[in-house]
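# What the coordinates show
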Amino acid sequence: MYLRENTLLQGGKYRIVRYISHGGFGCTYEAVNTTWKNRRVAIKELFVSDFCNRDPHTGSVTVFTRSKQPLFDKLRDKFLDEADKLNGLMHTGIVRVTDAFEENGTAYYVMDYIDGQSLRDLVKKEGALSEVDALGYIRQVAEALQYVH
């Protein structure tokens, strides 16, 4: 279901290093920008697992049925619009989007790679957050949301 390691996108500009995660609407990968000193990036791919297939040889994405194609097209447009909006934001709490493109029958956007762990992983590893730590994270998220709005 995921792009394989070393898959090239944009004519070799990006090379997939590894799959990171998958949600209802897409996959996220660690990759390198081969034209920029192999700079690490994260690439988000629109892949709606409920109604998409991937050709394991070409990486191309197709929609199960014609009836789902208009919905996929609408989601692709929203996905690219989201990338465009994020591209214009500069805030420490928001990952910077640096590129967006269509390829393999779907859409992608490229973000700065942030090394670390998710809040979910932190809680799994260390248990419930203290009130002080939880409020600190809530403040950071609220500041980023305030900036966006």
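Residues numbered from 1 in each chain as written. Predicted model: local features only at pLDDT ≥ 70, side-chain atom pairs only at ≥ 80, totals over all residues. Heavy atoms only, no water.

### Structural notes on the overall build of the protein
Helix and strand counts for the protein come out as three helices and eight strands. Listing each helix as α and each strand as β along the protein from the N terminus yields β-β-β-β-β-β-α-β-β-α-α. Expressed along its principal axes, the backbone C-alpha trace of the protein runs to roughly 50 × 40 × 30 Å. Within the protein, buried positions represent 32% of all 149 residues. Counting contacts in the protein only where the partners sit at least 6 residues apart, residues at least 24 apart contribute 43% of the total. Total accessible area on the protein is roughly 9,700 Å²; 52% of this is exposed by carbon and sulfur atoms. Within the protein, the 20 negative side-chain charges are centred at a point lying 2 Å from the centre of the 20 positive side-chain charges. (Helix = DSSP H or I, 4+ residues; strand = E, 2+ residues; numbered from the N terminus. Buried < 20%, exposed > 50% of the residue type's maximum accessible area, 1.4 Å probe, protein only. Contact = heavy atoms within 4.5 Å. Areas by Shrake-Rupley, 256 points an atom, 1.4 Å probe, with all protein chains shown as cover. Lys, Arg positive; Asp, Glu negative; His and termini not counted. Charge placed at Lys NZ, Arg CZ, Asp CG, Glu CD.)

### Observations regarding the pairing of strand E7 (residues 97-103)
Here six bridges tie E7 to strand E8 (residues 106-112), and the two strands are oriented antiparallel to one another. Pairing of Asp 99 across the sheet is with Val 110, part of E8. Here E7 folds back onto E8 in antiparallel fashion, the turn holding two residues, of which Asn 104 has a positive phi close to 60°. (Pairing = 2+ DSSP bridges.)

### Structural notes on the nonpolar core
With 29 residues, the main nonpolar core has Leu 9 and Ile 43 as its most contacted residues. For this core, the element with the highest residue contribution is E8, accounting for five residues. Those residues in contact with Leu 9 that sit more than four places away from it in its chain are Leu 3, Tyr 14, Ile 16, Ile 43, Phe 101, Glu 103, Asn 104 and Tyr 108. (Core = buried A, V, L, I, M, F, W, Y, C linked by side-chain atoms within 4.5 Å.)

### A look at the side chain of Arg 54
Of note, Arg 54 is situated in strand E5 (residues 52-54). Owing to a relative accessible area of 13%, Arg 54 belongs among the buried residues under this scheme. A distance of 2.7 Å separates polar atoms of two side chains, one belonging to Arg 54 and the other to Glu 45. Polar side-chain contacts of Arg 54 include one of 3.1 Å to the backbone oxygen of Gly 59. Once you skip the residues sitting within four places of it in the chain, Arg 54 turns out to touch Met 1, Tyr 2, Leu 3, Cys 27, Tyr 29, Glu 45, Phe 47, Gly 59, Ser 60 and Val 61. (Polar contact = N/O pair within 3.5 Å; in protein donor to acceptor, adjacent residues only side chain to side chain.)

### Some thoughts on the pairing of strand E3 (residues 26-33)
Among the eight residues that make up E3, seven are buried, leaving the element largely enclosed by the rest of the structure. One ladder, built from seven bridges, connects strand E2 (residues 14-22) with E3; its direction is antiparallel. Paired with Tyr 14 across the two strands is Asn 33, which belongs to E3. Hairpin remark: E2 followed by E3, antiparallel, with three residues in the connecting loop. If you look at the hairpin formed by E3 and strand E4 (residues 39-46), you'll find five residues sitting between the two strands, and Lys 37 has a positive phi there, around 55°.

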